[in-house]
Amino acid sequence: MIEKVLETFKEKFGDEGDIRCYFAPGRVNLIGEHTDYNGGHVFPCALSVGNYGVARKRDDRILRWFNMTYPDDGIQEKSLDDLGPNDNGLWYDYQQGVIWGMQKAGIDIPYGYDMVMFADLPAGSGLSASASIEELAAVIVKDLFRPELSMVDLARFGQVSENEYNGCNSGIMDQFASAMGKKDHAIFLDTATLEYEYVPLNLANEKIVITNSKVKHKLANGSYNVRRQESEDALEDLKKVVDIKTLGDLDEEGFEKYKGAIRDEVRRRRAKHAVYENQRTIKAVAALQRGDLEAFGHLMNEAHISMRDDYEASCEEVDILAEEAWKLPGVIGSRITGGGFGGCTVSIVKNDYVDNFTRALRDVYKERTGLEAEFYIVDAGDGARRLD
Ligand code: GLA
């Protein structure tokens, strides 16, 4: 993959000088959805697909970028002195936002760079294509100019880009997973403290299968921000009766005790999801650590139902994928993954049943929606890095 990107770089920008190669992954979240901006836990892993980049430092302050995934955009040129938020949410905006965030934090980026990139994961599917683009920019800037930045810093600047430059009020899960991923592990992250633990995914007899509904979601300015607002409103109501900082501070019992303080029924369901989903995530990781995959799968299914009914962040097509998956043999668990309102499901399927799973689910999905689902069997991969 990287060879093609390198070749294109040389065609566009010449082959002299110190040319470097990079990769930043997308992620799949196994459980813990819409908990990351509610002070809860998440459990994502980085994928082995994402965005590849080839870059070379310049001697002036110009950025020149070309994306092989969007060749019609041509070479995008911008000065380091001319960055500012907008609401386009395009591939170069995500990267500009990372650099802008660093500048805003007083980190000097002395020079620009030429860069060519290419994605081998689908955008708008809940697999964090945008975070992968952000972390690609972040790791390039770290390597070329700012080696003292930590990988957690890079995750933070990715979130700044998303929130302040691109108008999506997301949490830090996606950028954290892309920056901090570890091969064959998922990351159990407490988003309130950023404490984390790598948990081995010892799936000897099962595969992680992602199913793309092909219903695209666009999170910025849309329902995602509305959900976040609803959660925050519910928190404000709760704070009047109980001393908490985030919804993640409550467990199920605490929620049931105080939920009456949330005035609005819709907000009450949003908060319920955030609280129960956080507890489910903690329980799911414990189940995985004691080797109880069945319990993990059961919690995944419950997580889907909660996203569908309480958080209302699924959609009809993705519900069909999850609900049909539950009926198939060899399926340990299946749920919507990522921001929602379209995108993908993640399923854990026993090895011997994977072929049957993809065939049967493709057929029934086609029959019920007219859409052609896509399947990816994935491994947990390492985080953003220089390749050579
Ligand atoms: C998107 C956001 C994340 C997280 C998920 C939902 O992927 O970028 O921060 O909130 O949705 O869990």
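Here's a quick rundown of the structure. (Residues numbered from 1 in each chain as written. Predicted model: local features only at pLDDT ≥ 70, side-chain atom pairs only at ≥ 80, totals over all residues. Heavy atoms only, no water.)

Structural notes on the pattern of salt bridges
Test applied: The working definition used for a salt bridge is a side-chain nitrogen of Lys or Arg within 4 Å of a carboxyl oxygen of Asp or Glu.
Going through the model one piece at a time under the given rule, you end up with 37 salt bridges. What emerges from the salt-bridge pattern is a single network uniting Glu16, Arg56, Arg58, Asp60, Arg64 and Asp114.

Some points on the sheet that holds strand β2 (residues 41-42)
Rule in force here: Whether two strands pair depends on DSSP finding at least two bridges between them. Segments assigned H or I by DSSP are reported as helices when at least four residues long, segments assigned E as strands when at least two residues long, and all are numbered from the N terminus. Residue contacts are defined here by distance: any two heavy atoms, one from each residue, within 4.5 Å place the two residues in contact. With axes taken as lines fitted to C-alpha atoms, and helix axes fitted only over the stretch in contact, angles between N-to-C directions fall between 0 and 180 degrees.
One open sheet holds the three strands; their spatial order is β2-β7-β8, and the pairing between them is antiparallel. The sheet is open, and its two edges are formed by β2 and β8 (195-200), each paired on a single side. Against the sheet, helix α5 (residues 173-180) makes contact with β2, β7 (185-190) and β8, and its axis sits at roughly 135° relative to β7, the strand it touches most. Helix α8 (residues 265-289) contacts β2, β7 and β8 of the sheet and is inclined by roughly 40° relative to β8.

Section: the pairing of strand β3 (residues 44-57)
Operational definition: For every residue, the accessible area obtained with a 1.4 Å probe (protein chains only) is divided by the maximum for its type, and the residue is called buried under 20%, exposed over 50%, and partly exposed between those limits.
The buried fraction of β3 is high, at 11 of 14 residues. Bridge count between strand β1 (residues 20-29) and β3: nine bridges; the pairing is antiparallel. In the sheet register, asparagine 29 faces β3, and the bridge partner there is proline 44. As paired strands, β3 and strand β6 (residues 113-119) are joined by seven bridges and run antiparallel to one another. If you follow alanine 55 over to β6, its bridge partner there is methionine 115.

Things to note about the sheet that holds β6
Strand pairing in a sheet takes place through backbone hydrogen bonds and is either antiparallel or parallel in direction. Ordered by their spatial adjacency, six strands build an open sheet running β5-β4-β6-β3-β1-β13, and the pairing between neighbours is mixed. Across the chains shown, the open sheet's two edge strands, defined by having one partner strand only, are β5 (76-79) and β13 (385-386). As defined by bridge partners, strand β4 (residues 62-67) adjoins β5 across four bridges and the pair is classed as antiparallel. For isoleucine 62, the partnering residue across the bridge sits in β5 and is serine 79. Sheet contacts for helix α2 (residues 91-104): β4, β5 and β6; angle to β4, the most-contacted strand, approximately 145°. In the packing of α5 onto the sheet, the strands contacted are β1 and β3, and the crossing angle to β1 comes to about 130°.

Here's the deal with helix α9 (residues 293-309)
Inclusion rule: Expected helix span is given by 1.5 Å per residue-to-residue step, counting one fewer step than there are residues.
The first and last C-alpha atoms of α9 sit 24 Å apart over 17 residues, in line with the 24 Å expected at 1.5 Å per residue. Those residues of α9 that sit buried are Leu293, Phe296, Gly297, Leu299, Met300, Asn301, Ala303, His304, Ser306 and Met307. Looking at the buried side of α9, the elements it contacts are β9 (206-212), α8, α10 (316-327), β10 (331-337) and β11 (344-350).

Focus: the pairing of β8
As judged from the six bridges shared by β7 and β8, these two strands associate in the antiparallel manner. Across the sheet, isoleucine 187 pairs through a bridge with tyrosine 198, a residue of β8. Hairpin remark: β7 followed by β8, antiparallel, with four residues in the connecting loop; positive phi at leucine 194, about 65°.

A closer look at the nonpolar core
Formally: We define a nonpolar core as any set of buried Ala, Val, Leu, Ile, Met, Phe, Trp, Tyr and Cys residues linked to one another through side-chain atoms lying within 4.5 Å.
Trp65, Ile99, Met102, Ile109, Tyr113 and Ile140 are the most contacted members of the largest nonpolar core, which has 34 residues in total. When contributions to this core are tallied by element, the ones reaching two or more residues are β1, β4, α2, β6, α3 (129-144) and α4 (151-165). Top element by residues in this core is α3. It accounts for eight residues. Discounting chain neighbours no more than four positions away, the residues touching isoleucine 99 are Leu63, Trp65, Leu80, Leu83, Ile109, Tyr113 and Val141. Grouped together as the second largest cluster of nonpolar side chains are 31 residues, Phe43, Leu299, Met300 and Cys344 included.

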